[in-house]
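Per-entry structural report
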Amino acid sequence: QLLGESAERQADLGEALFARASGVVTAEARQAFERAATLQPNHPKASYFLALAAEQDGKPAEAARILSGLIAVTPAEAPWLPILKEALARAERLAAANPAPGPRLAPGPRRDEIEAAAALSPAEREAMIRGMVERLAERLKSEQGDIDGWLRLIRAYSVLGDAARARAAILDARRLFATNEEALKRIETIVRGLGLEG
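To keep things clear, this report deals only with the structure shown in the data block.

The rules behind these values
Residue indices follow the written sequence of each chain, beginning from 1 at its first position. Given that the model is predicted, a residue must reach a pLDDT of at least 70 before its local features are reported, and side-chain atom pairs must reach 80 or more before they are shown or counted; all residues, however, enter totals for whole chains, interfaces and linings. Where side-chain values are given, they derive from all heavy atoms of the structure, hydrogens and water being excluded. A helix here means a DSSP run of H or I that spans at least four residues, while a strand means a run of E at least two residues long, and both kinds are numbered starting from the N terminus. Only protein chains enter the area calculation, which uses a 1.4 Å probe; residues under 20% of their type maximum are buried, those over 50% are exposed, and those in between are partly exposed. Contacts are residue-level and defined by heavy atoms, with any inter-residue pair within 4.5 Å sufficient. The method behind every accessible area is Shrake-Rupley, applied with a 1.4 Å probe, and residues are considered shielded solely by the protein chains displayed. To estimate how far a helix should extend, the number of its residues minus one is multiplied by 1.5 Å. Planes of paired rings set the category: under 30 degrees apart is stacked, over 60 is edge-to-face and the rest tilted, where pairs are Phe, Tyr or Trp rings (Trp by its six-membered ring) whose centres lie within 6.5 Å. Any Lys or Arg side-chain nitrogen located within 4 Å of an Asp or Glu carboxyl oxygen qualifies as a salt bridge. Fitting a line to C-alpha atoms yields each axis, with helices limited to the stretch in contact; the angle taken between N-to-C directions then spans 0 to 180 degrees. Any angle from 65 to 115 degrees is called roughly perpendicular, while one under 35 is roughly parallel, one over 145 is roughly antiparallel, and all others are oblique. Crossings are classed by handedness, with left-handed meaning an anticlockwise turn of the near helix from the far one by less than a right angle and right-handed meaning a clockwise turn. As used here, the term nonpolar core means buried Ala, Val, Leu, Ile, Met, Phe, Trp, Tyr and Cys residues forming a set that is joined through side-chain atoms within 4.5 Å.

A word on the overall build of the protein. When you go through the protein residue by residue, the secondary structure sums to ten helices and zero strands. Ordered by position in the sequence, the α and β elements of the protein form the string α-α-α-α-α-α-α-α-α-α. When the 198 residues of the protein are sorted by exposure, 41% land in the buried category. Sequence separation of 24 or more characterises 54% of the internal contacts of the protein that already satisfy a separation of 6 or more. Carbon and sulfur atoms make up 55% of the accessible area of the protein, which amounts to about 10800 Å² in all.

Structure, rendered in structure tokens:
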């Protein structure tokens, strides 16, 4: 705000938001990286994190495309080139294990995406899954009537061991669907199944 906007400052902002979110490219961080890429196409840091955002969102083929384009214009002596190549290899492994899916009725982490993440290290795998869950939660802020999405979010938080967020999502879902008897039945079924009563 004081010094004016630049690609470097936007990329640094996105990286700070990424660090604050414990390795997840949140929607807010992604906006900063997208702005940096608009100001300076093929900005190394912004492009790398946009590729990571695509990977965490379950789109490894898109991540590979971004990284391939960035590698093509990166000088051979650039110290970050090995990092880009390693990220590309990881994205290609994921893309091979998880071919491009058809249209989704409820975007968010699917079972086949989580299984495909087995090719990653434990830390990378958790960051990828948390990124997909974060995006699902962001989407439900504007698409609140998606009961399938809410059920998936509750289950995802439970699988990640985040009982507090799972219960918060349950409360939100109960409030949103208070007049929908069928939706409430589905919510209570998953609550019992996950042992989240009370």
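Further remarks concern helix H8 (residues 147-159). With 13 residues, H8 ought to run about 18 Å at 1.5 Å a step, and its terminal C-alpha atoms sit 18 Å apart, in line with that. Along H8, the residues classified as buried are Ile147, Gly149, Trp150, Leu151, Leu153, Ile154, Ala156 and Tyr157. Note on H8: the residue one or two positions beyond its end, Gly161, has a positive phi of about 80°.

Below, the discussion takes up the packing of aromatic side chains. On inspection of all chains with the given rule, the structure shows three aromatic pairs. Here Phe33 and Phe49 contribute two aromatic rings whose centre-to-centre distance is 4.7 Å and whose plane-to-plane angle is 5°, an arrangement assigned as stacked. Remark: Phe49 occurs in helix H3 (residues 44-56) and Phe33 occurs in helix H2 (residues 27-39); sequence separation between them is 16 residues. Aromatic side chains Tyr48 and Phe49 sit 5.2 Å apart centroid to centroid with 80° between the ring planes, which places their arrangement in the edge-to-face category.

Once that is clear, we can look at the pattern of salt bridges. Tallying each qualifying case throughout the model produces twelve salt bridges. The residue Arg35 makes a salt bridge to Glu5 at a minimum N-O spacing of 2.8 Å. Here Arg35, found in helix H2, pairs with Glu5, found in the segment before helix H1 (7-20); they are 30 residues apart in sequence, far enough to count as distant. Taking the shortest distance from any N to any O, the salt bridge between Arg186 and Asp148 comes out at 2.6 Å. Of this pair, Arg186 sits in helix H10 (residues 181-194) while Asp148 sits in helix H8, and the two are 38 residues apart along the sequence. Overall, the relative accessible area of 33% leaves Arg186 in the partly exposed class. Accessibility expressed as a relative area gives 35% for Asp148, which makes it partly exposed. Members of the salt-bridge network, linked through shared partners, are Asp12, Glu15 and Lys45.

What follows covers the environment of Ala63. Here Ala63 lies in helix H4 (residues 60-72). As for Ala63 and Tyr48, which are separated by 15 residues in sequence, their C-alpha atoms are 8.7 Å apart. Beyond its immediate stretch of four places on either side in the chain, Ala63 contacts Ala51, Ala54, Glu55 and Ala91.

Closest axis-to-axis distance for the H3/H4 pair is 7 Å, and the angle between their directions is 165°. Comparing the axis directions of H3 and H4 gives the class roughly antiparallel. In the crossing of H3 with H4, the sense of the turn from one axis to the other is left-handed. Counting all contacts with H3, which are made through Pro44, Ser47, Tyr48, Leu50, Ala51, Ala54 and Glu55, the residues of H4 involved are Pro60, Glu62, Ala63, Ile66, Leu67 and Leu70.

A few words on the nonpolar core. Of all hydrophobic cores here, the largest spans 26 residues; its most connected members are Val25, Phe33, Phe49 and Leu67. When residues of this core are traced back to their parent elements, those giving at least two are H1, H2, H3, H4 and helix H5 (81-97). Tallying contributions element by element places H3 first for this core, with seven residues. Residues in contact with Leu67, not counting those within four places in the same chain, are Tyr48, Ala51, Leu84, Ala87, Leu88 and Ala91. Counting residues in each nonpolar core, the second largest holds 25 residues, with Leu94, Ala137, Ala173 and Phe177 among its members.

Interpretation note: all reported values are geometric properties and have no functional meaning in isolation.
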